[in-house]
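Chain residues, written in single-letter form:
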Amino acid sequence: MTPDALNRLVAQLAKLPGIGEKTAQRLAFHVLRAPAEYARGLSAALLDVVDHVSLCPKCFSLCDKAHPQCGFCSDTRRDDKLLCVVEGIADELALERTREFKGRYHVLHGVLSPLEGVGPDQLRIRELLTRLQDTDVEEVILATNPDVEGEATALYLTRLLKPMGIKVTRLAQGIPMGGDLEFADQATLARALSARRDI
Amino acid sequence: MERLKAEAVVLSSVDYGDTDRIVTLLTRSKGRVTAFAAGARKSKRRFAGALEPGTYLNVQLVERRGDTFRLDGADIRETFHSLRDDLARISRALYCLELTRELCRDHEPHPELFDHLLRYLELLSKAAAGPTSLIKFELDALEVAGFRPRFSSCTLCGGELEAPAKFDPSAGGVSCPHCAARVPHGLPISLEVVQALYALQNGSKQPMNASTRSRSRELLNLFIAHHLGRRLKSVDFMSQVGLD
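Residues numbered from 1 in each chain as written. Chains lettered and ligands numbered in written order. Predicted model: local features only at pLDDT ≥ 70, side-chain atom pairs only at ≥ 80, totals over all residues. Heavy atoms only, no water.

Is there a simple way to explain helix H5 (residues 89-97) of chain A in this structure?
Within an α-helix, residues lying three or four positions from one another point in the same direction, as the helix has 3.6 residues per turn. Residues and elements named next belong to chain A. By the burial criterion, the buried members of H5 are Ile 89, Glu 92 and Leu 95. Looking straight down H5, one finds that the buried residues subtend no more than 120° of arc, so they occupy a single side. Along H5, the residues that are exposed and aim more than 90 degrees away from the buried face are Ala 90 and Arg 97. Summarising the contacts, the buried residues of H5 are in contact with strand S2 (62-64), helix H4 (71-74), strand S3 (79-86) and strand S4 (103-107). At the C-terminal side of H5, Arg 99 shows a positive phi close to 60°. (Buried < 20%, exposed > 50% of the residue type's maximum accessible area, 1.4 Å probe, protein only. Helix = DSSP H or I, 4+ residues; strand = E, 2+ residues; numbered from the N terminus. Arc of directions from axis to C-beta. Contact = heavy atoms within 4.5 Å.)

Printed below as a string of structure tokens:
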């Protein structure tokens, strides 16, 4: 008979994505064995995330509740004329790691998914259109994934944005750095060929 | 453990855990199968772009316990990647994949449906399939799945159809005015729509006009939802983005 408190912790941990019953049990025992400060720090960090992190009302990235806007939106050094539309926050962070992009972001929080029944109303598309009416954005970069759903989202957004007179671009697709032509699929190779460039 | 090599079309795929994916395939020889693709999300090299919905593959499957297979390998035969240049074509392709997935049962071969699907994806990819071709695919898919709606004569008495006719999904087709009382939930259908759908069922390649097409799709959607027990998600998507 394990104590109720431990069972409750295992049950809560097992609700996390990618965590099964066994892993949850292992994590719970780790917390139990660690110094009490670790558990207090962990619980405080969990509560802090819930209490102090929200979505930026402008770009829908993560934002500290104490601030009116996120770090990307409040940074005056960024280029207001360039807006990059991404599926999720992980994609935004991946682009940021390149240190190449200095414009603004807009997070859709998903992609159009006909098979899952996700339509435009479930994404932050209306907010994007409202935002574009009030800004000096000259170019929108569609950085959704190059899969069927990402392409559908990009095409749908293009249909909405082109009539607004905004330049719409799509991330290039092709062979990854350090990649191997032999193992590239035909769609990727075909795209790489059609988007070849002068050197 | 049974090993199987088969031609397959990817009907849908969902992420599983951090690295894996569960794929629903329509195989020519084994019908609809669900396969576990270990490491499909982590390794871009292993299944490089092969598990996208609508991709035509040669797959190597290994039977596991229960109804699922393990996907050991997938060689791309055709990606139909030019489908992705147009939102209408993507939407129609995904709708057909969802319809096919829902019309099939696991491990029941449907070689004709496989061929219809492949042919329709090819046409879409070459931008040679208009909105009427979608209705043709729906009718073909329903027929090979055993749900052919009847437009040739009255579903109830077998008599000749005349106006005002009614369409009742639960009766399996159109009924004549004399049988109208027996289909209280029947929906009005014009003889023009009836004739156009009947002609399509019999191989006509004549494109429908916009209003006939729209009414045909409306009625077929109700017919499909009735027989599947639910409305397809991609139908709602298509209406949300303003496509037929």
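Hey, could you run me through the domain arrangement of chain A in this one?
How big an interface is tends to be stated in terms of the accessible area lost upon association of its parts. Taken domain by domain, chain A holds domain 1 (4-51) and domain 2 (78-199). Just the C-alpha atoms count here: the centres of domain 1 of chain A and domain 2 of chain A sit 37 Å apart. (Domains from an automatic or database assignment.)

What is the right way to look at the interface of chain A and chain B in this model?
Listed as interface residues are 26 residues of chain A and, on the opposing side, 26 residues of chain B. For the pairing of chain A and chain B, the buried interface totals around 2400 Å² over both sides, and the portion due to carbon and sulfur atoms is 63%. Joining chain A to chain B, the criterion identifies one salt bridge. When the shortest N-O distance is used, the salt bridge between B:Asp85 and A:Arg191 registers 3.4 Å. Among the elements that take part in the side of chain A that touches chain B, helix H7 (residues 148-161) of chain A stands out by supplying six residues, more than any other. In the side of chain A that touches chain B, the residues fall into 13 nonpolar, five polar and eight charged. (Buried area = accessible area lost by both parts, 1.4 Å probe. Salt bridge = Lys/Arg side-chain N within 4 Å of Asp/Glu carboxyl O. Nonpolar A, V, L, I, M, F, W, Y, C, P; charged D, E, K, R; others polar.)

Just to check I follow, could you spell out the domain arrangement of chain B for this structure?
Assigned domains of chain B: these are domain 1 (3-80) and domain 2 (150-244). Here domain 1 of chain B and domain 2 of chain B have C-alpha centroids that lie 35 Å from each other.

I keep staring at the pattern of salt bridges and nothing clicks. Help me out?
Oppositely charged side chains may form a pair once their charged atoms are brought near each other. According to the stated counting rule, one finds 24 salt bridges over all chains in the structure shown. A:Arg77 is paired through a salt bridge with A:Asp75; the nearest N and O atoms lie 3.2 Å apart. Put simply, B:Arg84 and B:Glu52 hold a salt bridge, and the shortest N to O gap is 3.4 Å. With B:Arg84 in the loop between strand S5 (69-78) and helix H1 (87-103) and B:Glu52 in the loop between strand S3 (31-37) and strand S4 (56-63), this residue pair connects regions lying 32 residues apart in the sequence. Overall, B:Arg84 belongs to the buried group, its relative accessible area being 13%. Residue B:Glu52 is classed as buried on the basis of its relative accessible area, which comes to 11%. Overlapping salt bridges, with partners in common, bring together B:Glu7, B:Arg28, B:Arg77 and B:Asp115 in one network.

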